Amino acid sequence: MALSNVLEAPAAGFNFENSSRNAALQAGLEGQTPRPMKTGTTIAGVVFKDGVVLGADTRATSSEVVADKMCSKIHYMAPNIYCCGAGTAADTEKTTDLVASNLTIFSLNSGRKPRVVMAVNILQDLLYRYRGQIGASLILGGVDCTGSHLYTVGPYGSVDKKPYLAMGSGNLAAMGIMEDGFRPDLELDQAKQLVRSAIQAGILNDLGSGHNIDLCVITDRGVDYIRPYQESQYKDHRTNKYRFRQGTTPVLTDTVVPLELEVVEEKVQQMETS
Amino acid sequence: KMEKVCDAQIKGVSTGTTILAATFDGGVVIGSDSRASIGGEYVSSKTINKVIQVHDRVFCCMSGSLADAQAVTKAAKFHLALHSVQMETPPLVIAAATILKDLCYRNKEELQAGFITAGWDQKRGAQVYVVSLGGMLVSQPVTIGGSGSTYIYGYVDAKYKPDMSREECLQFAINALALAMGRDNVSGGVANLAVITESGVEHVVVPGNKLPTFHDD
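Starting from 1, residues in each chain are numbered consecutively following that chain's sequence as written. Going through the entries in the order they are written, you letter the chains from A and number the ligands from 1. Per-residue local features of the predicted model are confined to residues with pLDDT of at least 70, and side-chain atom pairs are confined, for both listing and counting, to 80 or more; whole-chain, interface and lining totals are unaffected and use all residues. Only hydrogens and water are removed before side-chain values are computed, so all heavy atoms of the structure are retained for them.

Chemist: Lay out the overall build of chain A with the relevant residues and their values.
Modeler: Numbering of helices and strands runs from the N terminus; a helix is a DSSP stretch of H or I covering at least four residues, while a strand is a stretch of E covering at least two. Secondary structure assignment for chain A yields five helices and twelve strands. Here the globule rule reads 2.2 Å times residues to the power 0.38, and the radius of gyration is calculated from C-alpha atoms. Computed over its C-alpha atoms, the radius of gyration of chain A comes to 24 Å, more than 25% above the 19 Å expected for a compact globule of 274 residues. Counting only C-alpha atoms, chain A reaches 75 × 60 × 50 Å along its principal axes. Looking at chain A as a whole, 43% of its 274 residues qualify as buried. Note on contacts: a residue pair qualifies if any of its non-hydrogen atoms lie within 4.5 Å across the two residues. Summarising the internal contacts of chain A: among those between residues at least 6 apart in sequence, 63% fall at separations of at least 24. Of the roughly 16,800 Å² of accessible surface on chain A, 52% is carried by carbon and sulfur atoms. Only four residue types enter the tally: Lys and Arg on the positive side, Asp and Glu on the negative side, with His and both chain ends excluded. To locate a charge, take NZ of a lysine, CZ of an arginine, CG of an aspartate or CD of a glutamate. Here chain A contributes 26 positive and 30 negative side-chain charges, whose respective centroids are spaced 6 Å apart. Accessible area is worked out with a 1.4 Å probe on protein chains only. A residue is then buried under 20% of its type maximum, exposed over 50%, and partly exposed in between. In short, Shrake-Rupley with a 1.4 Å probe defines the accessible areas, and a residue's cover is counted only from the protein chains shown.

Next comes the structure, spelled out in structure tokens:
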């Protein structure tokens, strides 16, 4: 951690700083607290012959309402590592961002590309420290000098390494497809089809998942982020245009007030350029 | 949906489980099943590894909350490695067991994890220690743990003999695991075993379909 944390090393234990603020807000809002945006979600990943394929749907829900139809659930961690996130949308976004920053600093400090297992260890430590309060279920995939790897990290900090995984509310449907279709050493197209079918199963059978399918293919040659890989067949077609030309709202009056600015202090500092 | 919590149940992923360790003439066998479950009804992993090597000749089996057990074994591995480097000698099995016990006892309010530690050291040879949920440390020649252990107390009491041969002890352990996995819904998958002797460590994995069958299977 000495190489990756720019700010202070994380303090031990759970951070209770926001508890009193939350309590005050809850009292003030009298029970009408906003529901956190969850990604509902179907995410999946598979290790194939040359690397890893990650997939995700793009629906974010806030209780029964679809909050975002084109949510991006495959997050960047490092040039060779990407992470799919299920659970509370803010938690997955911020957690992956935090680890991505740390991995960048690590790379700069050490001169090395980060390994997938390093990202997994940092995430496990973080999520375990917060005892499940950070609602993030993640699937990490990447290719490093030791090979292609796929890990899952649960919200309580449990880690599992597998050649194929599915998480999120649609994972039961997706896992069925994965269990049936997975073989060791798949070709790229077979792997993409498998992940697509797994996410599709989640989209069709889970209310929390829907819309498009995003794929991310990671090999030692690079990353192919395909967004979208498959578009939803239910695209809405807006019948009206909502752009209004300038002048639609008539200007009734026009007042110009010049602001009087006064020079209070003037300082000249010589810059050392020699 | 995945975060179902019931009274006295594990939050998050639970290891299930059936774990055991038994000493034989010259070494020790330690083993577990490989199922991880959530809420007592969903198998989240069919092939989770619960037999963790904490040092060259010391292994431990985890039970309880998977997150807690993984965190504790990680910390224990670190402490044991440091201890071993400082002492300039391989650690005693009791040292490993005590480290786990300390972590479990001092954090008993927050943790839900129990362990079986088994290994071989120069001073006392093959040993088995069990660290229970609250942090009690006890040494026994044979011990079983986890939810599946309740179904095999009779078998273990009847069939275990001290100073068995390596093959007899391995078969005893495999049979015990197979019987427990057959009756306990949160134990299953493959049988992961490790045989630890002075000369080294041998990993034995018995897939579900190769496990011994009994009269009603």
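Chemist: Tell me about the overall build of chain B, residues and numbers included.
Modeler: When you go through chain B residue by residue, the secondary structure sums to four helices and 13 strands. For a compact globule of 217 residues, the expected C-alpha radius of gyration is about 17 Å, and chain B comes in at 16 Å, within 12% of that figure. Each principal axis of the C-alpha distribution contributes one length, and for chain B these read about 50 × 40 × 25 Å. Considering chain B as a whole, with its 217 residues, one finds that 53% of them fall into the buried category. Within chain B, counting contacts between residues at least 6 apart in sequence, those at least 24 apart form 63% of the total. Carbon and sulfur atoms form 52% of the exposed surface of chain B, whose accessible area is close to 10,000 Å². In chain B, 19 positive and 21 negative side-chain charges are present, and the distance between their average locations comes to 4 Å.

Chemist: Outline the sheet that holds strand β10 (residues 164-167) of chain A, supporting the account with residue identities and numerical values.
Modeler: Residue and element names in this part refer to chain A. By the convention used here, strands pair only if DSSP detects at least 2 bridges between them. On the basis of which strands lie adjacent, the open sheet formed by five strands has the order β10-β1-β2-β11-β12 and antiparallel pairing. The two strands at the open ends of the sheet, each matched to only one other strand, are β10 and β12 (222-230). Adjacent strand axes in the sheet meet at a mean angle of 10° when their direction is disregarded. As paired strands, strand β11 (residues 213-219) and β12 are joined by six bridges and run antiparallel to one another. Within the sheet, the bridge partner assigned to C216 lies in β12 and is Y225. Working convention: axes come from line fits to C-alpha atoms, limited for helices to the stretch in contact. Angles between N-to-C directions cover 0 to 180 degrees. Sheet contacts for helix α4 (residues 171-181): β1 (43-48) and β10; angle to β10, the most-contacted strand, approximately 165°. Docked against the sheet, helix α5 (residues 188-205) engages β1, β2 (51-57), β11 and β12, running at close to 25° with respect to β2.

Chemist: Which residues make up the pairing of β11(A), and what values do they have?
Modeler: Residue and element names in this part refer to chain A. For β11, the buried fraction is high: seven of the seven residues fall into the buried class. Covered by surrounding structure in β11 are I213, L215, V217 and T219 together with D214, C216 and I218, the residues of both alternating faces. Here seven bridges tie β2 to β11, and the two strands are oriented antiparallel to one another. The residue bridging A56 from the neighbouring strand is D214, located in β11. What sits between the antiparallel neighbours β11 and β12 is a turn of two residues.

Chemist: Tell me about the UniProt feature "active site" (unreviewed entry) in chain B, and name the residues and values.
Modeler: Residue and element names in this part refer to chain B. According to UniProt, the positions carrying the feature "active site" (unreviewed entry) are T17. Under the relative-accessibility criterion, T17 is labelled buried at 0%. Discounting chain neighbours no more than four positions away, the residues touching T17 are D33, K50, M62, S63, G145, G146, S147, G148, S149, D184, V186 and S187. UniProt positions are given in the numbering used here, feature names are shortened, and annotations may be inferred rather than shown by experiment.

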